Amino acid sequence: MTRAFATVRLVFERLRDRPAFWAGVLVVGLVAAAVLASMVGAVAIPLREFPSALLDPSHPAHQLLWSVRLPRVAAGAFVGAALGVAGALMQAVVRNPIADPGLMGVTAGAGFGGLLAIVLWPEQTVLVPVLAFAGGLAAISALLAAAWGGGRVAGPLRIVLSGVAVQAILFSLIALVTFIYADRAPAFVSFTIGSLNGLGWNQVALIVLPVLVGSGLALLSTRALNLLLLDDDSAAGVGLGVRRARIAASCLAALLAAAAASVAGLVGFVGLVVPNWVRVLVGPDHRVLLPLCLLGGATLLILADTAARVLAAPLELPVGALLALIGGPYFLFVLWRKLA
Amino acid sequence: MSDVALALEGVHTRHPLAERDALRDLSLSVQRGEILALVGPNGSGKSTALATLGRSLAPRLGAVLLDGGDALTLPPRAFARRVARLPQSPICPEGITVSELVHGGRHSHRGFLQPLRDVDLAAAREAMRATDVLDLRHRRMETLSGGERRRAWLSMVLCQESPLLLLDEPTAALDLRHQRELLSLLRRLNAERQVTIVVVIHDLEQAAWIAHRVAVLHRGRLYAVGTPADALREDTLRDVFGVEARVTSDDDGLAVRVLGPCDPLRFL
């Protein structure tokens, strides 16, 4: 038993420096997850019928596939990718692997902004992503101010506590708004829990651009992100404008988290677990980490959403609740290992 | 050897959250091409002075001048091309290799999105050879010993190829041989490439061995500055460090022998 374990470990160690291998694994995983998610549901599409359902308009499942399943898969992919990259960015900004847009209130800030837009200006759907971005940015600014106030380098505990405080404030604001506008609950109830239920191509179109721009800019900044992992003094010593880099990365994280929140609501933990798992596979270099977080986040969210649809069928569970159920214990585990 | 490369003028520096200034009206100039050692007891401000020179800490009052111009308003990359510094206890993430760390030192020489060029790789290789970590370049930092890690960091700083080098206790955590190797390397950089070096160092004999001039700091002020023999006199050691010591000098360098026990309650 221990020998088998040792062998597995050895194979793992060997594969650690093979980012191309893991990228391949994740691409295959993403495609498989997308196909699986398109197949299962109230009307199951068997695998051998899948190509014809996809391409043949006369197939009975063609309409279902293109108007319900595929947009949902696409939305899941973009939201998951955005959250995975946003998580990696936030972890670089606070230089700590326990950072996460969901845990640290950035998603809650974006959610609060989006919620305000939904209840106050229900006709202006454009306002949802705009206010979501503003809310996410406000939340991450508050977090950075609380964690770095006084000029001291923040330890993990202080960062977590700052994030928890920011999140607590925002959740109470969200609760207030949902209480005051309880009559409009149908418009936002799935938004506040976090779910991909009923997403169509319209919503996908809404987030494609911010996700591509945000991830693209993040991928262009990998050198600065790598230097941010050093202590501030060393990073500044080799010529990085530390404060500017941190603010820029925070804005990108807020943009991505807000894009995700504006269509899927409060989905947490993807941003926490994906970068951590990917880092175990390929190490901390952002040139490799970010693209794999993109793939990994998309894969994880599609799989989790599929599970949420299937587990209590015919009821569709909100994927946000399911992820919190997995992510909470994982977060405790990371904390325990980190602070032990 | 006469023009000033870097200078503090009437500097008051306070650490964040501290209630008193760690440097009080300190003026100190670093001559181009020299090795200047900053020595002093704990809390004398020597590390703070180095941090102020290297812009890690902004002075509350006073000026930092680089080649006569204001150093505090230079953009980070421009400053890094001219001044490289090694903090006392730098931190790097788990999982990065020595060569990845060292390549980080080329940041200020590369444009945005510019990949590592041959000159960058050559500079990194040269720096790793000089600090004897070339064989360790594929190892991850957390698998190295304290001294190896220290040399890897120094390698990153050297790879910056700045004409001015600020080092905070570079020999701490090194064994006797690597201490002497590192100091020899600094002397060689200084002699062959005219690199100006400011080094904070605890060991007075090492300071005397490496430096052209020694600056003794005491309670945030400059107590004495001059050649090692001038700055490290027996009465200076008594006043600043509070020890009775015999200082002897011969061809091998300066020797400091502390005499007798030292009673911590003597000053009460």
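The following refers to the structure shown. Computed from a predicted model, the values in this text were never measured in an experiment.

## Brief notes about the interface of chain B and chain A
Piece 1. Facing 24 residues of chain B, the contacting portion of chain A comprises 21 residues.
Piece 2. Secondary structure elements with two or more residues in the side of chain B that touches chain A: α2 (76–82), β6 (83–86) and α3 (98–104) of chain B.
Piece 3. A total of 4 residues in the side of chain B that touches chain A trace back to one element, the largest contributor, which is α2(B).
Piece 4. For the side of chain B that touches chain A, the residue count by class is 12 nonpolar, 7 polar and 5 charged.

## Re the sheet that holds strand β4 (residues 61–66) of chain B
Residues and elements named next belong to chain B.
Piece 1. Spatially, β2-β1-β4-β5 is the arrangement adopted by the 4 strands of the open sheet, whose pairing is antiparallel. Each edge of the sheet is formed by a strand with only one pairing partner; in this case those strands are β2 (23–31) and β5 (69–70).
Piece 2. Strand direction decides the pairing type here: strand β1 (residues 4–13) and β4, joined by 5 bridges, are antiparallel. Its bridge partner being in β4, Ala7 is matched across the sheet by Leu65.
Piece 3. Contacting β1, β2 and β4, helix α1 (residues 46–53) crosses the sheet at an angle of about 120° to β1.

## Brief notes about the nonpolar core
Considering soluble globular proteins, one finds that nonpolar side chains tend to be buried as a cluster.
Piece 1. If you look at the biggest cluster of nonpolar residues, it comprises 182 residues, and the most contacted ones within it are Ala82(A), Val85(A), Leu89(A), Ala253(A), Leu256(A), Ala257(A) and Ala37(B).
Piece 2. For this core, the leading source of residues is helix α4 (residues 62–93) of chain A, giving 16 residues.
Piece 3. Ala257(A) has contacts with Leu83(A), Ala86(A), Pro101(A), Val106(A), Thr107(A), Ala110(A) and Gly136(A), leaving out every residue within four places of it along the chain.

## Here's the deal with helix α4 (residues 118–130) of chain B
Residues and elements named next belong to chain B.
Piece 1. For α4, built from 13 residues, the straight-helix expectation of 18 Å at 1.5 Å per residue is met to within 8% by its first-to-last C-alpha distance of 18 Å.
Piece 2. Three or more residues of α4 are buried, namely Asp120, Ala123, Ala124, Ala127 and Met128. Along the axis of α4, the buried residues cluster in a sector spanning 130°; they form a single face. In this structure, α4 carries Asp118, Val119 and Ala122 as exposed residues pointing more than 90 degrees from its buried face.
Piece 3. Buried residues in α4 make contact with α3 and α5 (146–158).
Piece 4. Just beyond α4, the residue with positive phi is Asp132, at close to 65°.

The rules behind the values
- Residues numbered from 1 in each chain as written.
- Chains lettered and ligands numbered in written order.
- Predicted model: local features only at pLDDT ≥ 70, side-chain atom pairs only at ≥ 80, totals over all residues.
- Contact = placed C-beta atoms within 7 Å.
- Helix = DSSP H or I, 4+ residues; strand = E, 2+ residues; numbered from the N terminus.
- Nonpolar A, V, L, I, M, F, W, Y, C, P; charged D, E, K, R; others polar.
- Pairing = 2+ DSSP bridges.
- Axes fitted to C-alpha atoms, helices over the stretch in contact; angles between N-to-C directions.
- Core = buried A, V, L, I, M, F, W, Y, C linked by C-beta atoms within 7 Å.
- Buried ≥ 20, exposed ≤ 12 C-beta atoms within 10 Å, placed from the backbone.
- Expected span 1.5 Å × (residues − 1).
- Arc of directions from axis to C-beta.

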